[in-house]
Amino acid sequence: VPLLGAASIRPGELEISVDRPAAALEARSVSAWFGDRKVLDRIDLVMQPNRVTALIGPSGCGKSTFLRILNRMHELVPSAALAGEVLFDGIDVYDPELRVTDARKHIGMVFQKPNPFPAMSISENVLAGLALTGIKAKKSVKDDLVEECLTKAGLWNEVKDRLRQPGAGLSGGQQQRLCIARSLAVKPKVLLMDEPCSALDPTSTRVIEETMAELQREVTIVIVTHNMQQAQRVSDHCAFFLASAGTPGVIVEAGPTSKLFGNPEDQRTADYVQGRF
Ligand code: ADP
Ligand code: MG
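Residues numbered from 1 in each chain as written. Chains lettered and ligands numbered in written order. Predicted model: local features only at pLDDT ≥ 70, side-chain atom pairs only at ≥ 80, totals over all residues.

Draft legend 1. The overall build of the protein chain, seen in detail. Within the protein chain one finds 10 helices and 10 strands. Computed over C-alpha atoms, the radius of gyration of the protein chain comes to 18 Å, within 12% of the 19 Å expected from 2.2 N^0.38 for 277 residues, which places it in the range of a compact globule. If you line up the protein chain on its principal axes, its C-alpha atoms span 55 × 45 × 40 Å. By residue count, 43% of the 277 residues in the protein chain fall in the buried class. Once local pairs closer than 6 in sequence are excluded, the contacts in the protein chain between residues at least 24 apart make up 72%. (Helix = DSSP H or I, 4+ residues; strand = E, 2+ residues; numbered from the N terminus. Rg over C-alpha atoms; globule rule 2.2 N^0.38 Å. Buried ≥ 20, exposed ≤ 12 C-beta atoms within 10 Å, placed from the backbone. Contact = placed C-beta atoms within 7 Å.)

Here is the structure:
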């Protein structure tokens, strides 16, 4: 599995071309269980390279579970089971020969609640993923990487004079951008974002949305959001998840964002995007 098996990555080495034809990430008939309870049923979804795909739908329909399946965090839950395939540029993310750390290195995750490592400084936070995934780099490379990632996350100007101060001292919105910078440091090709702005104020939300528009040039983004305006602002494609009364989550409709919001095929999609449930 050469693509995901790279032992070390230098900054810039994994830049991806904007017109790469292959799908970056594809779920094929993905079903998921916690114990006996089935929570996702045969999810098929192609997440196009260099595009933002938004996952929308009511709470409990399996959006977070689906995101965690994409980068193998689902298997951290002891009762969790899975069927189907996840392909990353055609490579099976669940290939037994693939190291989990490699899968997670290439498919990064940002969570709803900003979670910088509290005991680490701002720059140590950015570099934390390198140590975790065994990437070694010289100090000068690391310094450049800190600046590059904080710049991409829209935080550099605010923190460049206090890189050695604790990440926990930042505001919530700054902490979330620090987490984005941290996930970028290992040069992921996909960034999964689970309601990244729902704990943030409108100004921080706007900055992160602007950041995403830039990041899209180098990563494929999958974002879960409950904010329908945000889905329309940031995403190219949308998938509407729904789990009706005790049944597992399914995708009711997926397609271009303009289509789901402007001319949906399914009445349930129309009702959801217009805020009727
Ligand atoms: P969403 O993100 O759309 O709100 P989730 O993926 O968090 O939905 O949850 C989907 C279903 O799976 C829910 O019914 C939830 O209670 C259940 N679930 C999520 N995580 C776990 C877990 N660790 N153990 C058991 N059930 C879980
Ligand atoms: Mg969720």
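Draft legend 2. Focus on the sheet that holds strand 5 (residues 91–92). Strand order in the open sheet formed by four strands is 2-1-4-5, and the pairing between neighbours is antiparallel. Strands with a single pairing partner mark the edges of an open sheet, and in this sheet they are strand 2 (37–47) and strand 5. One ladder, built from two bridges, connects strand 4 (residues 80–88) with strand 5; its direction is antiparallel. Looking across to strand 5, one finds that Leu 87 is bridged to Asp 92. (Pairing = 2+ DSSP bridges.)

Draft legend 3. Spatial organisation of the site of ligand 1. Around ligand 1, the structure places Phe 34, Val 39, Ser 59, Gly 60, Cys 61, Gly 62, Lys 63, Ser 64, Thr 65 and Val 77. Among the elements that line the shell around ligand 1, the one with the most residues is helix 1 (residues 63–70), at three residues. Split into classes, the residues belonging to the shell around ligand 1 amount to four nonpolar, five polar and one charged. (Near = placed C-beta within 6 Å. Nonpolar A, V, L, I, M, F, W, Y, C, P; charged D, E, K, R; others polar.)

Draft legend 4. Representation of the pairing of strand 9 (residues 237–242) in the model. The buried count for strand 9 comes to six of six residues, which makes it a mostly enclosed element. Side chains His 237, Ala 239 and Phe 241 project from strand 9 onto one buried face, and the interleaved Cys 238, Phe 240 and Leu 242 project onto a second face that is buried too. Direction of pairing for strand 3 (residues 52–56) relative to strand 9: parallel, over a ladder of four bridges. Bridge assignment links Ile 56 to a residue of strand 9, and that residue is Phe 240. Two strands pair when backbone bridges link them, and strand 9 and strand 10 (residues 250–256) are joined in this way by six bridges, in the antiparallel orientation. Within strand 10, the position partnered with Cys 238 by the bridge is Gly 255.

Draft legend 5. Examining the UniProt feature "domain: ABC transporter" (unreviewed entry) in the protein chain more closely. According to UniProt, the feature "domain: ABC transporter" (unreviewed entry) maps to residues 25–273 in the numbering used here. A distance of 25 Å separates the end C-alpha atoms of residues 25–273, which is 37% helix and 26% strand. (UniProt positions renumbered as here; feature names shortened; annotations may be inferred.)

Draft legend 6. Up close: unusual backbone geometry. In this structure, Asn 50 takes a positive phi of about 60 degrees despite not being glycine. Mapped onto the secondary structure, Asn 50 falls in the loop between strand 2 and strand 3. Positive phi values are uncommon outside glycine, yet Asp 89 reaches one of about 45 degrees. On the secondary structure map, Asp 89 appears in the loop between strand 4 and strand 5. For Asp 89, a count of 18 C-beta atoms within 10 Å puts it in the partly exposed group.

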